[in-house]
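What follows is each chain in one-letter form.
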Amino acid sequence: MTQIPDKEIILNAFDMNCVGHINHGLWTHPRDESHRFNELSYWTGLAKTLEQGLFDGLFIADITGVYDVYQGNIDLTLKESIQLPSHDPSTLVSAMAAVTQNLGFGVTVNLSYETPYQFARRFASLDHLTQGRIGWNIVTGYLDSAARLIDQTGLQDHDLRYEQAEEFLSLCYKFWEGSWEHDAVIKDKSQRIFTQPSKVHAIHHQGQFYHSQGVFQVSPSVQRTPVLFQAGASTRGLSFATQHAEAMFIGADQPAKVKQQVEQIRAQARSQGRDPNQLKLLVGISVITAETDELAQQKLAEYISYASPEAGLAHFSSSIGIDLSQFADDEAIPYQKTNSIASVNQRFKSQKITPNDLKAQLKLGGRYPLFVGSGASIATQLIQYLDETGIDGFNLTRTVAPESHHDFIRYVIPELQQRGRYKTAYRQGSLRHKLFQNGDLLPHTHPVEQYRCQPQDTKTASEKAATKVSTLA
Ligand SMILES: Cc1cc2nc3c(=O)[nH]c(=O)nc-3n(C[C@H](O)[C@H](O)[C@H](O)COP(=O)(O)O)c2cc1C
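Residues numbered from 1 in each chain as written. Predicted model: local features only at pLDDT ≥ 70, side-chain atom pairs only at ≥ 80, totals over all residues. Heavy atoms only, no water.

*Asks:* How should the overall build of the protein chain be read in this particular structure?
*Replies:* The helix and strand inventory of the protein chain stands at 17 helices and 13 strands. Across its three principal directions, the C-alpha atoms of the protein chain cover 75 × 55 × 50 Å. In the protein chain, which comprises 473 residues, the share counted as buried stands at 56%. By sequence separation, contacts in the protein chain at least 24 residues apart represent 74% of the contacts at least 6 residues apart. Here the protein chain has roughly 20300 Å² of accessible surface; of this, 51% comes from carbon and sulfur atoms. The centroid of the 43 positive side-chain charges in the protein chain is displaced by 6 Å from the centroid of its 50 negative side-chain charges. (Helix = DSSP H or I, 4+ residues; strand = E, 2+ residues; numbered from the N terminus. Buried < 20%, exposed > 50% of the residue type's maximum accessible area, 1.4 Å probe, protein only. Contact = heavy atoms within 4.5 Å. Areas by Shrake-Rupley, 256 points an atom, 1.4 Å probe, with all protein chains shown as cover. Lys, Arg positive; Asp, Glu negative; His and termini not counted. Charge placed at Lys NZ, Arg CZ, Asp CG, Glu CD.)

*Asks:* Sorry, what's going on with empty space enclosed by the protein here?
*Replies:* With a probe scaled to a water molecule rolled over the atoms, the places where space remains empty come into view. Here the structure, examined in full by the defined rule, presents 6 cavities of 30 Å³ or more. Of the volumes computed, that of the largest cavity is approximately 90 Å³. Taken together, 15 residues form the lining of the largest cavity, with N12, G57, F229, L431 and L435 sitting closest to its centre. Those elements that provide at least two residues to the lining of the largest cavity are β1 (10-16), β2 (57-61), β3 (104-110), β11 (280-290) and α16 (431-436). When its residues are assigned to classes, the lining of the largest cavity shows 9 nonpolar, 4 polar and 2 charged. In this structure, the second largest cavity occupies an estimated 70 Å³ of space. In this structure, the second largest cavity is lined by 14 residues; those nearest its centre are V19, H21, N23, R398 and T399. (1 Å grid on protein atoms, 1.4 Å probe; cavity = no way out; pocket = protein on both sides within 12 Å on 5 of 7 lines; lining within 4 Å. Points joined across faces, edges and corners; volume = space filled by probe spheres on them. Nonpolar A, V, L, I, M, F, W, Y, C, P; charged D, E, K, R; others polar.)

*Asks:* What is the right way to look at the side chain of E51 in this model?
*Replies:* Examined against the element boundaries, E51 turns out to sit in helix α1 (residues 40-52). At a separation of 2.8 Å, a polar atom in the side chain of E51 contacts the main-chain amide nitrogen of L103. With near-sequence residues (within four places) excluded, E51 lies in contact with T100, Q101, N102, L103 and Y426. (Polar contact = N/O pair within 3.5 Å; in protein donor to acceptor, adjacent residues only side chain to side chain.)

*Asks:* What's the story with the side chain of T140 in this structure? I'm lost.
*Replies:* Along the polypeptide, T140 turns up in the loop between β4 (134-139) and α5 (144-151). Assessed through its relative accessible area of 8%, T140 is described here as buried. Among the polar contacts made by the side chain of T140, one reaches the side chain of R161 at a distance of 3.5 Å. Among all residues touching T140, those that are not within four sequence positions of it are N110, L111, S112, R161 and A165.

*Asks:* Mind showing me how you'd approach the site of the ligand here?
*Replies:* For the ligand, the set of nearby residues contains 19 residues, the closest of which are D62, H158, Y162, A231 and S234. Within the backbone of D62, a nitrogen or oxygen atom sits 2.7 Å from a nitrogen atom of the ligand. Within the side chain of H158, one N or O atom sits 2.9 Å away from an oxygen atom of the ligand. Against a free-state accessible area of 610 Å², the protein chains account for coverage of 91% of the ligand. Here the shell around the ligand is built from residues that sort into 11 nonpolar, 7 polar and 1 charged. (Near = heavy atom within 4 Å.)

*Asks:* Is there a simple way to think about the packing of helix α10 (residues 309-320) against helix α13 (residues 355-362) in this case?
*Replies:* If you want to describe how two helices pack, look at the angle between their axes and the distance between the axes. One can describe the packing of α10 onto α13 by two numbers: an axis separation of 8 Å at closest approach and a directional angle of 110 degrees. Of the possible angle classes, the one that applies to α10 and α13 is roughly perpendicular. Mapping the contact onto sequence places P309, G312, L313 and F316 in α10 and P355, L358, K359 and L362 in α13. Here the residues of the contact of α10 with α13 are counted per class, giving 6 nonpolar, 1 polar and 1 charged. (Axes fitted to C-alpha atoms, helices over the stretch in contact; angles between N-to-C directions. Parallel < 35°, antiparallel > 145°, perpendicular 65-115°, else oblique.)

*Asks:* I would appreciate a short explanation of the nonpolar core in the present structure.
*Replies:* What tends to happen in soluble globular proteins is that the nonpolar side chains get buried as a cluster. One finds F55, L58, W136 and I391 to be the most contacted residues of the largest nonpolar core, which totals 84 residues. If we skip the residues at most four places from it in the chain, I391 touches K7, I250, V258, V262, L281, V283, Y385 and L386. Core analysis: the next-biggest nonpolar cluster, separate from the first, contains 37 residues, M16, I22, F59 and Y70 among them. (Core = buried A, V, L, I, M, F, W, Y, C linked by side-chain atoms within 4.5 Å.)

Right under this line is the structure:
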């Protein structure tokens, strides 16, 4: 029997261009520097740190709108800086790319409030500037406050948001891969031809949500389509994600449930004609680590003394669109259908959960599993979690910033490396090639194929060179 080799763990840092992201209240810790999020040096420093730790990427979450559901106002959101203020994540990328060579960037953009053309142009430009290190986390939003801020209408119906996302994406595919042939740009000074006109094509799109006609303004970038991340978990969300995404975030739960989700996702991807292993599955985690298990427990207690469980509850209220301040601390929260994140709200259908339960769970780690211990013990736990569930890697939240990343790199990474489960050097190439070792472009089995203006050679330049050599030999 052939032995399946142990999977190398994919690791992203999970962050946001704001103060309080997941682990609320820790901004008050004396060593926490997240209040410096509006300074470029905070991000360039983080990018360099992550690259030292050989992180695959920095995944930057984002929301459009504010958390105003808890107590029906934004007072706690402002006091505890619960993702408010929060700044545009894509503004950070060029600066971080300039001080790194390998780190990928997964940037969240809510498509509901973008025009496909402007968005596609921005991300294609970033793919050029990062030399193929850009990814897009496709979200459709879940906040009424955003809808009110932007067009004064309510949030669109959950499933309709995904319909719009399908069309948005197909139009982006046309821009990214259907307008310019890959060899259109020749930069021939002697003939005075920068781009060959016969190789640039107008796209035509008449849809339910968007109309567009003309040529795209950006020449082909390394990856053309950014690496596509998604986190859909509802029935409609899952069908969207398994069709398009290359990496998916699974809302963490008990390992047995995660395993079930993993199997469902891979089966669904297979039924849609995709190679299920071309879909990397990631779970968000929080980690507190130190030299020994005992010191890690002490650090946990110290961090918790600065945490704000109520801020966690306020964040959660907006995620599900229900004001949880209306329930007594020990009262079971009844299920109510809302238009927000369906998959997070779902748990109230089957489980009896009180605000106290949520506060206990959310005080540190948020909705994500919390691992506490020495580097060796964390490495063992992470490997076990990964092997038990069949996922491919983790999105690591920050706790006290940037201390928690330094700790992880110092204590956990060497232990994972010793166990042969984490790279000891970066692979060459684009973010997509690093993740899948299958070239810079999306494979032919991906839905993008139908929008390409010509057959694509999905191999990288170095792979093509290697094939040539072997053909000659
Ligand atoms: C790890 C993870 C990260 C997410 N990050 C964001 C984000 O940055 N912005 C956002 O609007 N939604 C984010 N979401 C929510 C998803 O976009 C999506 O709404 C959610 O997973 C539920 O899917 P559903 O709408 O199909 O129920 C995230 C979800 C997960 C699991």
